[in-house]
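# Results of the structural survey
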Amino acid sequence: MTTKSTRLFLICVCIYVAVLICRAVLVAWPPAGLFYNIDELEMTLSCVDRFLGVPSTSLQWPGSILQMLMLPVIAVDFLVHGSLGGGMTGEVAHFSAYIAKAYANPVHSVVLLRALVAVIASAAPVLAFLISSALNESITAALLCSALVAFAPVFTQQSAMAMGEGVAITFVLAAVLVVLRYRTRGVITAGVLFAGALAARITTAALIVLPVLLIMLGDVEPVRARLRSVARFLLVTAVGFLFWCPYVWTEPIRFAKALLGHVRPQAVLNLTMFLKAALEGLGPSLFVLTCASFIACLVVATISRQKGPATAAVLSTAAVALPLLSSGNDIFPRYFLPLLPCIAIMTTVALRRDQFPRSIHLALVGLFSLGCTAMFIESAYAEAGLRRPDELAQGINAARALSGAALYLPQEALYLYRIPIPNAVYQRMYDRATAQLQDHSGLLRFLRLRGIPGDAAKVLMTNFTEDEQALDARLSAASSASAPSAAPLYFYFDPATIHGIVAERLSPSDYTIAEALQHFRASGNSGILLHEPVPGFGSPVWKGTHGWFLYRN
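A few points on the structure. (Residues numbered from 1 in each chain as written. Predicted model: local features only at pLDDT ≥ 70, side-chain atom pairs only at ≥ 80, totals over all residues. Heavy atoms only, no water.)

## Comments concerning helix H18 (residues 339-350)
The line we're drawing: Put simply, DSSP marks the helices as runs of H or I at least four residues long and the strands as runs of E at least two long, and each gets a number from the N terminus on. The span expected for a helix works out to 1.5 Å for each residue beyond the first. For every residue, the accessible area (1.4 Å probe, protein chains only) is compared with the maximum for its type, and the residue is labelled buried under 20%, exposed over 50%, or partly exposed between those bounds.
The end-to-end C-alpha distance of H18, which contains 12 residues, comes to 16 Å, matching closely the 16 Å that a straight helix rising 1.5 Å per residue would cover. With 12 of 12 residues buried, H18 is to be regarded as a mostly interior element. Taken residue by residue, H18 has Leu339, Leu340, Pro341, Cys342, Ile343, Ala344, Ile345, Met346, Thr347, Thr348, Val349 and Ala350 as its buried positions.

Given below as structure tokens:
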């Protein structure tokens with residue numbers, strides 16, 4: 001190993017360890033509400049579902065690569081917390097209890113998946129450093145490129161969450177690095193890696209333009225040879241996706257349904273909405289750096305002789321941004337994460353010494369140094385905000401302190417806060433879920449809202465009940481790990497919300513909010529936790545600063 005390669009290796013090790021330590025802090029110090037969002041919880045439960053044998057409910061991610069990687073993690077965790085030597089029957093009983101606890105209180109399983117994601121995603125800044133080194137001899141530029149990826153607020157959060165976005169970006173960067181290092185000789189490896197990215201998060205599909213363009217524009221081989229390499233890359237990506245996401249061929253109807261459920265034909269161009277969402281999704285600092293690097297790349301792609309990477313990055317940015325620009329749906333911040341590999345290459349191009357005059361080059365280095373520092377502050381501030389006292393959690397604790405009272409709680413207490421639930425409540429929810437599994441009326445209404453024709457849904461109904469089957473199996477498993485309780489406990493949902501539409505089909509909640517209010521008024525020694533104050537209920541026994549009111553009858 002040469003002195004230069006040794007230095008690069010040590011820098012890469014230092015970057016990885018530093019980033020992993022930062023992610024480990026976020027994993028060990030969870031948000032005040034235990035979970036970032038309900039998708040994180042659902043992704044974890046879908047990994048545990050593999051042991052129940054129910055259909056996958058995470059095809060929309062599709063997230064299958066996380067399910068595969070979590071299987072050995074769960075097995076090792078069971079061996080650490082379980083016992084050996086009880087024979088086959090004894091080990092089955094122990095494992096059954098282990099899985100039941102994972103559903104009754106999934107916080108531990110979520111932490112395991114977060115740790116797995118952090119280990120993989122922490123390699124992304126290292127890959128960005130190596131990509132920049134392959135395109136630019138400057139260590140300063142490579143470190144800035146690495147810092148940009150490491151400190152990007154949306155990536156900071158996603159790389160410590162039990163979700164597939166951080167893993168997907170890592171696999172994409174690995175595929176890009178292979179293409180840049182080995183050119184046409186690395187297209188097979190790059191295809192396998194990119195397939196892994198798709199299996200972690202299908203929203204990275206538009207990024208396939210980036211390695212394709214780098215193959216076409218970044219080599220001196222004849223055009224025909226480059227076209228053959230592109231064909232091999234695409235073929236290996238397709239075959240690799242069949243491996244990483246086997247649901248494509250084991251459950252094709254469900255996979256098709258998952259794709260159809262996300263198609264929105266009424267998409268229209270909306271530049272104002274896109275720019276507003278981009279500012280929120282990327283954060284102010286990364287938004288400015290993205291615009292600066294895009295303009296610099298556009299200039300290089302227009303006037304420079306070494307325009308391959310610049311042209312590839314600019315066109316790939318457009319390919320990723322266009323679906324967001326024309327989206328008729330709500331755009332969440334994580335939807336901008338696929339821009340990160342493009343931004344990394346654009347940053348590298350912008351910071352090349354030979355592309356701009358010295359004064360402009362120094363100004364760009366200063367801008368990116370300032371921007372990376374600001375991104376670190378933005379990320380730290382955003383994460384600290386998620387760990388401030390959570391008012392809903394405080395309200396739930398105040399409600400549980402009402403001795404012997406029948407409690408009416410929002411369904412968030414069931415899904416996101418995972419309070420201890422008595423066996424009788426689990427049994428009641430299980431009975432309701434079993435009835436929902438036989439009654440398809442709610443499912444038909446839900447599918448019509450998703451744009452799937454009712455006649456098609458009726459013919460293929462069994463293929464569309466994976467959520468009901470999973471819910472039924474999860475409640476059955478969780479009930480065996482619950483304890484009895486004397487205090488009645490009920491959950492309600494608000495059908496006027498988007499989540500309420502889903503809850504009307506799937507939720508094991510007992511009542512709508514109107515029904516819960518009616519029962520609360522009619523019962524004695526009861527408490528209800530509401531997001532809005534209710535006239536005539538008197539003064540709440542507890543209230544939050546920004547919402548949530550606890551009333552006692």
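## Description of the pattern of salt bridges
What counts is decided by this rule: Throughout this description, the term salt bridge denotes a Lys or Arg side-chain nitrogen within 4 Å of a carboxyl oxygen of Asp or Glu.
As enumerated under the stated definition, the model contains 12 salt bridges in all. With a closest N to O distance of 2.8 Å, aspartate 354 and arginine 352 form a salt bridge. Its relative accessible area of 17% is what places arginine 352 among the buried residues. Here aspartate 510 and arginine 432 are joined by a salt bridge, their closest N and O atoms 2.9 Å apart. Within this pair, whereas aspartate 510 is found in the loop between helix H26 (498-506) and strand S3 (511-512), its partner arginine 432 is found in helix H22 (residues 423-438), the two being separated by 78 residues in sequence. A relative accessible area of 14% places aspartate 510 in the buried class. Through salt bridges with shared partners, one network takes in Asp39, Glu165, Arg201 and Arg334.

## Some remarks on the packing of aromatic side chains
Short version of the rule: By convention, a stacked pair of Phe, Tyr or Trp rings (six-membered ring in the case of Trp) has centres within 6.5 Å and planes under 30 degrees apart, an edge-to-face pair has planes over 60 apart, and any other such pair is tilted. A ring is scored as having a charge over it whenever the NZ atom of a lysine or the CZ atom of an arginine sits within 6 Å of its centre and within 35 degrees of its normal.
Applying the stated criterion across every chain yields a total of 17 aromatic pairs. Judged by centre distance (6.3 Å) and plane angle (80°), the ring pair of phenylalanine 171 and tryptophan 244 falls under edge-to-face. On the criterion of sequence distance, the pair formed by phenylalanine 171 in helix H9 (residues 165-182) and tryptophan 244 in helix H12 (residues 223-244) is long-range, its members being 73 residues apart. Side by side, phenylalanine 171 and tryptophan 244 carry an identical accessibility label, which is buried. Residues tyrosine 408 and tyrosine 490 carry aromatic rings whose centres are separated by 5.2 Å and whose planes lie at 20° to one another, so their mutual orientation is stacked. Of this pair, tyrosine 408 sits in strand S1 (residues 406-410) while tyrosine 490 sits in strand S2 (residues 489-493), placing them 82 residues apart in sequence. Each member of the pair, tyrosine 408 as well as tyrosine 490, is classed as buried. A network of ring pairs unites the aromatic residues Tyr408, Tyr490, Tyr511, Phe520, Phe537 and Tyr551 as a single cluster. In this structure, arginine 334 packs its charged tip against the face of phenylalanine 332, placed 5.2 Å from the ring centre.

## With respect to the side chain of arginine 254
Rules: Pairs of N or O atoms are called polar contacts if they sit within 3.5 Å, as long as, within protein, a hydrogen donor faces a hydrogen acceptor (for residues adjacent in sequence, only side-chain-to-side-chain pairs).
With respect to the helices and strands, the residue arginine 254 is situated in helix H14 (residues 252-260). On the basis of relative accessibility, which here comes to 11%, the residue arginine 254 falls in the buried class. Within the structure, the side chain of arginine 254 is placed 2.8 Å from the side chain of glutamate 251, a separation counted as a polar contact. Of note is the side chain of arginine 254, whose polar atom sits 3.3 Å from the side chain of glutamate 466.

## A word on helix H11 (residues 209-217)
Keep this limit in mind: Any pair of residues with heavy atoms lying within 4.5 Å of one another is described as a contacting pair.
Among the residues making up H11, those that are buried are Leu210, Pro211, Val212, Leu213, Leu214 and Ile215. Where the residues of H11 are buried, they touch H9, helix H10 (187-200), H12, helix H17 (308-325) and H18.

## Thoughts on the packing of H9 against H11
Each packed pair of helices is defined by two parameters, the angle between the axes and the distance between the axes. Put simply, the rule reads: What counts as an axis is a line fitted to C-alpha atoms, over the stretch in contact for a helix, and the angles between N-to-C directions run from 0 to 180 degrees. In these notes the angle categories are as follows: under 35 degrees is roughly parallel, over 145 is roughly antiparallel, 65 to 115 is roughly perpendicular, and the rest is oblique. Under the scheme applied here, ten amino acids are nonpolar (Ala, Val, Leu, Ile, Met, Phe, Trp, Tyr, Cys and Pro), four are charged (Asp, Glu, Lys and Arg), and all others, including Gly, are polar.
Two elements in contact, H9 and H11, have axes separated by 10 Å at closest approach and are oriented at 5°. On the basis of their axis angle, the class for H9 and H11 is roughly parallel. Contact residues: H9 offers Val176, Val179 and Leu180, while H11 offers Leu210, Pro211, Leu214 and Ile215. Of the residues assigned to the contact of H9 with H11, the class counts are 7 nonpolar, no polar and no charged.

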